[in-house]
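In case you want the letters, here they are:
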Amino acid sequence: MSKIRDAGFFEVPVGGVKFRLRRRSTLVMAQARGLMAVAGQVAGANAKGEEATDQQAADFMRSVLEVAVYEVDDGDGWQPADAVLTPETLAPFSDVLFRRFMDSALQVDPTPPSCEA
């Protein structure tokens, strides 16, 4: 991969398996959840202000990881994620991968906005 393309990916080893994920970005989130949901115009959260159910949270994590996990290396070399993973085989890794994905966004401007000072 080129250096520019490499910047959009990161690797996460979990239990002897390596995952190459796309970094968190609006594009990845839009592909996972739909542009309108990401823009906040369609209820991603409950419109009544209620807490999301466990099932809604699991559905959100699964849809994001289906887009974010790009390749998997389980010892046989890198393979496309959709060729080797199913929702069932991804499930044991989901919590760690989702947490790392959510922390993976790149910042364009290294200085904080003035309103944060």
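Whatever comes next refers back to the structure up there.
The rules behind the values
- Residues numbered from 1 in each chain as written.
- Predicted model: local features only at pLDDT ≥ 70, side-chain atom pairs only at ≥ 80, totals over all residues.
- Heavy atoms only, no water.
- Salt bridge = Lys/Arg side-chain N within 4 Å of Asp/Glu carboxyl O.
- Helix = DSSP H or I, 4+ residues; strand = E, 2+ residues; numbered from the N terminus.
- Buried < 20%, exposed > 50% of the residue type's maximum accessible area, 1.4 Å probe, protein only.
- Core = buried A, V, L, I, M, F, W, Y, C linked by side-chain atoms within 4.5 Å.
- Contact = heavy atoms within 4.5 Å.
- Arc of directions from axis to C-beta.
- Axes fitted to C-alpha atoms, helices over the stretch in contact; angles between N-to-C directions.
- Parallel < 35°, antiparallel > 145°, perpendicular 65-115°, else oblique.
- Nonpolar A, V, L, I, M, F, W, Y, C, P; charged D, E, K, R; others polar.
- Left-handed = near helix turned anticlockwise from the far one by under 90°.
- Pairing = 2+ DSSP bridges.

(A) Summary view of the pattern of salt bridges. Tallied over the full model, the rule gives 3 salt bridges. Note that E71 is salt-bridged to R20, the shortest N-O span being 2.4 Å. With E71 in strand β3 (residues 69-73) and R20 in strand β2 (residues 17-22), this residue pair connects regions lying 51 residues apart in the sequence. For E71, a relative accessible area of 15% corresponds to the buried category. Here R20 falls in the buried class, since its relative accessible area comes to 14%. Because the salt bridges share partners, they merge into one network encompassing E11, R20 and E71.

(B) Representation of the nonpolar core in the model. Counting 23 residues, the largest nonpolar core has F19, L21, V69 and L97 as its most contacted members. If you list the elements that add at least two residues to this core, you get β1 (9-14), β2, α2 (26-33), α4 (54-68), β3 and α7 (94-102). Of all the elements, α4 adds the most residues to this core, at 5 residues. Once residues within four sequence positions are removed from consideration, V69 is found in contact with F19, R20, L21, A81, L85, L90 and L97.

(C) Spatial organisation of α7. By the burial criterion, the buried members of α7 are S94, L97, F98 and F101. Down the axis, α7 shows its buried residues gathered within 95° of arc, on one side only. Away from the buried face of α7 by more than 90 degrees, exposed residues D95 and R99 are located. Next to the buried residues of α7 lie β1, β2, α2, α4, β3 and α6 (87-90).

(D) Fine view of the packing of α4 against α7. Direction vectors running N to C along α4 and α7 enclose 70°, while the axes themselves pass 10 Å from each other. Regarding the angle of α4 to α7, the classification is roughly perpendicular. Taken together, the residues of α7 that come into contact with α4 (itself represented by F60, M61, V64, L65 and A68) are S94, D95, L97, F98 and F101. Of the residues that constitute the contact of α4 with α7, the class distribution is 8 nonpolar, 1 polar and 1 charged.

(E) Region of interest: the packing of α2 against α4. Look at α2 against α4: their axes get within 8 Å of each other, and the N-to-C directions meet at 120°. Accordingly, the angle class assigned to the pair α2 and α4 is oblique. Between α2 and α4 lies a crossing of right-handed hand. Two secondary-structure elements touch here, α2 through V28, M29, Q31, A32 and R33 and α4 through D59, F60, S63, V64, V67 and A68. In the contact of α2 with α4, the residues fall into 7 nonpolar, 2 polar and 2 charged.

(F) Geometry of the sheet that holds strand β4 (residues 79-80). Here we have 4 strands laid out as an open sheet, ordered β1-β2-β3-β4, and antiparallel in their pairing. Sheet topology places β1 and β4 at the edges, where each strand pairs with a single neighbour. Bridge count between β1 and β2: 6 bridges; the pairing is antiparallel. Along β2, the bridge assignment pairs E11 with R20. Running over the sheet, α7 touches β1, β2 and β3 and is turned about 150° from β1.

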